[in-house]
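# Observations on chain architecture
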Amino acid sequence: MKSKKRFYEFLVFNIFRIISFLVVGLLFVILFFISIRGIGVINWEFLTSMPKEGMTQGGIFPAIVGTFCLMVGSMLFAFPIGVLSGIYTNEYLKESRFKSFLRSMTNNLAGIPSIVFGLFGMALFVNKLHFGDSLIAGSLTLGLLALPVIIRTTEEALKTVDMSLRTGSYALGATKLQTIRRVVFPIAFPNILTGLILSMGRVSGETAPILFTVAAYFLPKLPQSIFDQAMALPYHLYVLTTSGTNMEESRPMAYGTAFVLIMIVLIFNLLANWLRRYFGKKVKM
Amino acid sequence: MSHLDTEIKNLKTSVISMWLLVLSQLEKAQRAIKESDLDLAKEVKVNEKRVDAFELKLDMDCENLLALFNPVAVDLRFVLAVLKVNYNLERVGDYANTIAGCAENFSKNFDKKLLKEVKLSEMFALSHTMLSDALQAFENEEPKLVRSAFQLDDELDKLTKNAEEVICEWIKKHNDQTRDALYVISIIRKLERVGDQAKNIATEIIFHTEAKMLRHTKKKLILKELDANTGDNN
Amino acid sequence: MKDKSKEVEVEQKPTVIIETKTANLFYGSFHALKNIDFEAYQNTVTALIGPSGCGKSTFLRLFNRMNDLIDHVNISGKILLNNKNIYDKSIDVDELRKKVGMVFQKPNPFPKSIFENVAYGLRVNGISDSGYIEEKVKTSLQQAALWNEVKDNLKKSAYELSGGQQQRLCIARALAVEPEVLLMDEPASALDPISTSHIEELIFELKKQYTIIIVTHNMQQAGRVSDYTSFFYMGDLIEHGSTKQIFTSPKDVKTQNYITGRFG
């Protein structure tokens, strides 16, 4: 009896173990696969020069710049709105039907496929507001996409702040706004920041929303204003692998681009981790 | 000083006041007898009410201290000791009152020579010393100071025995003063009781400071105990 | 002598600082406080005792309107601070909370430096004179008997202090805004015995300057620190009287059963 129990214990435990190793293994296989093929292409010229000869030569510099512009632009839009909205829902709204409605809507927003955001962005920003295919239209669309994530992370971060600190602050005669500004927000900030950076990483990899709003198929120059079109890494990768002039020749370029994209996401994730730890230490000391 | 310490100190101060009041009652009773001072005797009677009130107050203080602070160890022993010391002091107050009352009862032709012959002043002095030595011991928490209470008690007993003989003789000679002689013997008995109360108080002081319960222990053993603890430097 | 001491007590009928008249409180439909008439006097410590859920903490929170933070709370009756109804519409809650400080069960210092914790109440009340703030931080920490332990480390995080020190910091923080009344909600229940006795000694000192109302589960603590005791049971104020009277001769049998530990 006992040995049977032990056996099941052993079996189930090992199944769990194998599966989780498989997942990690898969991640490494992808990274390895992309790195092996992409790393050979990476050099200074690849990173800093324009694409040439139907994208079979030269570099991906405008795509990198474009992606960075989109990331920063989308966050400039999404961060303040998302954080303020998160503060409102978590700190000001009392538990009510409206609140749960708002919550579920935020979740639904996060579940909408990104291509739909792309379509919406095109309809609203590109056509209705006459921005044209432009950095601003793309940034706003990506911002919309990131918004629910930022709202949710803000809410979650605020929720982790101990209620006793709020009551402690009220008990000293502080107003709600003072309490949020001086006690709650500083404590929640590292976690909010982490959410921000993670969503930046996510935004940098999105293809669908920029498809109709900003991305240029081939544009060997840097954007001059927010109303210019721009290249972006994920779309560039898509173009290189599916509709290049010479797909066989541009394949190494595609792997190189993929490698750069992965590195950017990885760096952002590490940055988020580091920031969280840095601020976490600073707040609690 | 902590809150409990303050309360204990206040209680101790009250006990000392009570003690001094009782001692002064005893002194006044002595003077009332010696000088046939009836006013003084009256004063003792009036003050007896104060002693009683004081006893009640101390009792209440102890009750509050026990209820509110749940003292333990030395603090608990202190409160328990005070409860008994308080009771014993009140009894001494009663004796002083009775003694003072005798001053009023002596007949006019009572010959004061009897008081000298029974060595009443010595007895008063002895019982007073025992009580005030115990007070010293209580105040300074020096148990060796209570030695005198046990040593002097012997002398007090001896004087009592002697006094009984003297009074027997006296009654044979002075038939007209039999009643007065009986008053004198009653005073002597009271003083002897004062000595006993002082002894009881002394054991409570030892209980407080040394955590040893010496009630119903033979005097010799008590003295030995005291010497063993404090070194024989008295 | 006994009679005399009673007379003296009557003569020095102390100033009433806090008073409630038929105070009722409902959580939704739950009647949590029932017709409470209560008084707390200047420079005294009043202990609120009673079994868990008897309403004593809720009652304490009436006085700085902390119950306002909870949804579905309904309050009726008069709750007076210096004869003014603090639930009046004209009352500014933030101003009220300055006058009625509070210390909580669990030490809850802000994740800031020791200095900033104490200065917090001043800063949110619009004081920016750094000289004044420094002085006030110092005196508050001294009053809370913490100054000597932290004076060289004011910049250190409050979280580096021990639990007992943190609680004294929270007391200093409350004192800094110069309250008249100090509410304490089981201030020592999360602390070890040594820290607890520090806090109790502190309360004994603080009552010289403040009026203190303390909720406690610890009968001995109520006995040691308070001058008056109120016993709550199921939302009723069963008995209110001097701590000596409550602890030596309670009038109500429920009070007796509770303080002797025979409840149930």
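Before reading further, recall that the structure is shown in the block above.
Attention here is on the structure that accompanies the text.

Reading the values: rules and limits
Residues numbered from 1 in each chain as written. Chains lettered and ligands numbered in written order. Predicted model: local features only at pLDDT ≥ 70, side-chain atom pairs only at ≥ 80, totals over all residues. Heavy atoms only, no water. Helix = DSSP H or I, 4+ residues; strand = E, 2+ residues; numbered from the N terminus. Buried < 20%, exposed > 50% of the residue type's maximum accessible area, 1.4 Å probe, protein only. Pairing = 2+ DSSP bridges. Contact = heavy atoms within 4.5 Å. Buried area = accessible area lost by both parts, 1.4 Å probe. Salt bridge = Lys/Arg side-chain N within 4 Å of Asp/Glu carboxyl O. Axes fitted to C-alpha atoms, helices over the stretch in contact; angles between N-to-C directions. Phe/Tyr/Trp six-rings, centres within 6.5 Å; stacked < 30°, edge-to-face > 60°. Lys NZ or Arg CZ within 6 Å of the ring centre and 35° of its normal. Expected span 1.5 Å × (residues − 1).

## Points about the side chain of serine 74 of chain A
With respect to the helices and strands, the residue serine 74 of chain A is situated in helix α3 (residues 61-92). Owing to a relative accessible area of 0%, serine 74 of chain A belongs among the buried residues under this scheme.

## Overview of the sheet that holds strand β5 (residues 84-85) of chain C
Residues and elements named next belong to chain C. A sheet is described by the order of its strands in space; here four strands give the open sequence β2-β1-β4-β5, paired in antiparallel fashion. A strand with exactly one partner marks an edge of an open sheet, and here the two such strands are β2 (30-41) and β5. Sheet analysis places strand β1 (residues 16-27) next to β2, joined by eight bridges and oriented antiparallel. Note on β2: the bridge partner recorded for leucine 25 is leucine 33.

## With respect to the interface of chain B and chain C
Tallying the contact residues gives 13 residues for chain B and 11 residues for chain C. Of the roughly 1200 Å² buried where chain B meets chain C, counting both sides, 67% is carbon and sulfur surface. Area buried by chain B at its contact with chain C is led by His3, Asn64 and Leu68 of chain B, which between them contribute 44% of it. The tally of links from chain B across to chain C stands at zero salt bridges. Counting residues per element, the side of chain B that touches chain C draws most heavily on helix α2 (residues 38-69) of chain B, which supplies nine residues.

## Quick notes on the sheet that holds strand β10 (residues 236-242) of chain C
Strand pairing in a sheet is mediated by backbone hydrogen bonds. Such pairs are either parallel or antiparallel. Residues and elements named next belong to chain C. Taken together, six strands build an open sheet; the order of strands is β6-β7-β8-β3-β9-β10 and the sheet is mixed. The outermost strands of the open sheet, each flanked by one partner alone, are β6 (100-103) and β10. Pairs of neighbouring strands in the sheet enclose a mean axial angle of 15°, with direction left out of account. With four bridges joining them, strand β3 (residues 45-49) and strand β8 (residues 211-215) adopt parallel strand pairing. By the bridge assignment, threonine 46 is partnered in β8 with isoleucine 213. Each of β3, β7 (181-185) and β8 is contacted by helix α8 (residues 193-206), which is oriented at about 150° to β8, the strand it contacts most.

## Details of the packing of aromatic side chains
Inspection of every chain in the model, using the stated rule, returns 17 aromatic pairs over all chains. Ring pairs connect the aromatic residues Phe38, Phe59, Phe63 and Phe232 of chain C, which therefore count as one cluster. Seen from the ring of phenylalanine 138 of chain B, lysine 12 of chain B lies directly overhead, with NZ or CZ sitting 5.9 Å from the centre. Lying over the aromatic face of tyrosine 87 of chain C, arginine 65 of chain C brings its terminal NZ or CZ to 4.7 Å of the ring centre.

## Examining helix α6 (residues 135-159) of chain A
Since there are 3.6 residues in each turn of an α-helix, residues three or four apart along the chain are aligned in direction. If you check α6 of chain A, its first and last C-alpha atoms are 35 Å apart, about what 25 residues at 1.5 Å a residue would give, namely 36 Å. Of all 25 residues making up α6 of chain A, 19 are buried, and the element is well covered by its neighbours.

## Section: the pattern of salt bridges
All names here are of chain B. Taken as a whole and assessed by the stated rule, the structure comprises 26 salt bridges over all chains. Lysine 45 is paired through a salt bridge with glutamate 104; the nearest N and O atoms lie 3.4 Å apart. Residue lysine 45 is found in helix α2, and its partner glutamate 104 is found in helix α3 (residues 73-105); the two are separated by 59 residues along the sequence. On the basis of relative accessibility, which here comes to 40%, the residue lysine 45 falls in the partly exposed class. Its relative accessible area of 35% is what places glutamate 104 among the partly exposed residues.

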